[in-house]
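What the coordinates show
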Amino acid sequence: LNTSHTRTSRLATVSSMASGDELAVFNLSDSSLLKILKGDITKWSVDGSSDAIVTPANERMLGGGGADGAIHRAAGPQLRAACYEVPEVRPGVRCPTGEARITPGFNLPASRVIHTVGPIYDSDINPKESLTNSYKYSLRVAKENNIKYIAFPAISCGIYGYPFDEAATVSISTIKQFSNDLKEVHFVLFADDLFSLWVTKAKEMLQKA
Ligand code: AR6
């Protein structure tokens, strides 16, 4: 994949998104932090070079609705072209459920996009395992690509119908287990109710920084 690309919009940064009670910070380990933010993940960036946003994609990996649609619109048509180049593992499937793939971010403020496919809650045989794998695989791909800052939305919590409470527990515990080597893992949550729920869960599961 072509990783040499120009980015025109680096104006939006985390510091401009996060203010007051819209940011909560927790320790994942001695050397990494979990930050929970309220906002739009398409505007997120920490340094524009070692950062990546995660998009909740489908197995075809050519865009869709929800956060994935917004991310494709903000990145520009080059993102779809880059996705198209990702080899299919079987007809129509570039990224199986629970796995992840990486592309450049093109016009996004973040340097890379990690595409992961969470479970469709009502049809997955083991949605909890699939959601765990999505987070685990995304973190692994991030580390393999020297990403230091990664931002997740609430994977599977929109169109794919995953219950929020269990999604919060699964995502935070998986990140706690597999975030070593990353400086910061961020959740960028669109809605007030999800933001409050993730903060409540993180308070139960992690230490405040
Ligand atoms: N920033 C942060 N979070 C957002 C944004 C945004 N700009 N937009 C939506 N969300 P969804 P899924 C939240 O449906 O359930 C697509 O068609 C949203 O409120 O985006 O994994 C894909 O191509 C929700 O809390 O992802 C797949 O086909 C969360 O992001 C399918 O949807 C995830 O909702 C994936 O469904």
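Residues numbered from 1 in each chain as written. Predicted model: local features only at pLDDT ≥ 70, side-chain atom pairs only at ≥ 80, totals over all residues. Heavy atoms only, no water.

Notes on the site of the ligand
Which entries qualify depends on this criterion: A single heavy atom is enough: if one lies within 4 Å of a molecule or strand, its residue is considered near that molecule or strand. What qualifies as a polar contact is a pair of N or O atoms within 3.5 Å, subject to a donor-acceptor requirement within protein and to the restriction that residues adjacent in sequence count only when both atoms come from side chains. Here, Shrake-Rupley sampling with a 1.4 Å probe gives the accessible areas, and only protein chains in the shown set may cover a residue.
In the vicinity of the ligand, 21 residues are found, and the nearest of them are D40, G65, A67, S156 and I159. I41 is positioned with one of its backbone polar atoms (N or O) 2.9 Å from a nitrogen atom of the ligand. A distance of 2.8 Å is found between an oxygen atom of the ligand and a backbone nitrogen or oxygen belonging to I159. With the chains in place, 89% of the 700 Å² that the ligand exposes on its own is no longer accessible.

Quick word on the packing of aromatic side chains
Here is the rule we go by: By convention, a stacked pair of Phe, Tyr or Trp rings (six-membered ring in the case of Trp) has centres within 6.5 Å and planes under 30 degrees apart, an edge-to-face pair has planes over 60 apart, and any other such pair is tilted. Whether a charge sits over a ring depends on NZ of Lys or CZ of Arg being within 6 Å of the ring centre and within 35 degrees of the ring normal.
Scanning the model with the defined rule gives five aromatic pairs in all. Pairwise contacts between aromatic rings join Y135, F152, F187 and W198 into one cluster. The ring of Y137 has R140 lying over it, and the distance from NZ or CZ to the ring centre is 4.7 Å.

Re the environment of S50
Counted only if it meets this: Elements are defined by DSSP. Helices are runs of H or I of four residues or more, strands are runs of E of two residues or more, and each kind is numbered from the N terminus.
Within the secondary structure layout, S50 lies in the loop between strand 2 (33-38) and strand 3 (51-56). Considering only alpha carbons, one finds S50 and F178, 128 residues apart in sequence, at a separation of 18 Å. Here the side chain of S50 touches D47 through a polar contact of 2.6 Å, side chain to side chain.

Some words on helix 5 (residues 164-178)
Using the following cut-off: By this rule, a helix spans an expected 1.5 Å times one less than how many residues it contains. Partly exposed describes any residue whose relative accessible area lies between the buried limit of under 20% and the exposed limit of over 50%, with all areas from a 1.4 Å probe on protein chains only and scaled to the type maximum. A contact between two residues is defined here by any heavy atoms of the two lying within 4.5 Å.
Between its terminal C-alpha atoms helix 5 stretches 21 Å, which fits the 21 Å expected from 15 residues at 1.5 Å a residue. Looking at helix 5, one finds that the buried residues are A167, A168, V170, S171, I172, T174 and I175. Turning to helix 5, the residues buried within the fold contact strand 2, helix 4 (127-144), strand 6 (149-152), strand 7 (184-189) and helix 6 (192-205).

Thoughts on the state of the cysteines
Between two cysteines, a covalent bond joining their sulfur atoms is known as a disulfide. Keep this limit in mind: Counting rule for disulfides: a pair of cysteine sulfur atoms within 2.5 Å.
Here the structure, examined in full by the defined rule, presents zero disulfides. Of the cysteine sulfurs around C157, a residue in no disulfide, the closest is that of C95, at 18 Å.

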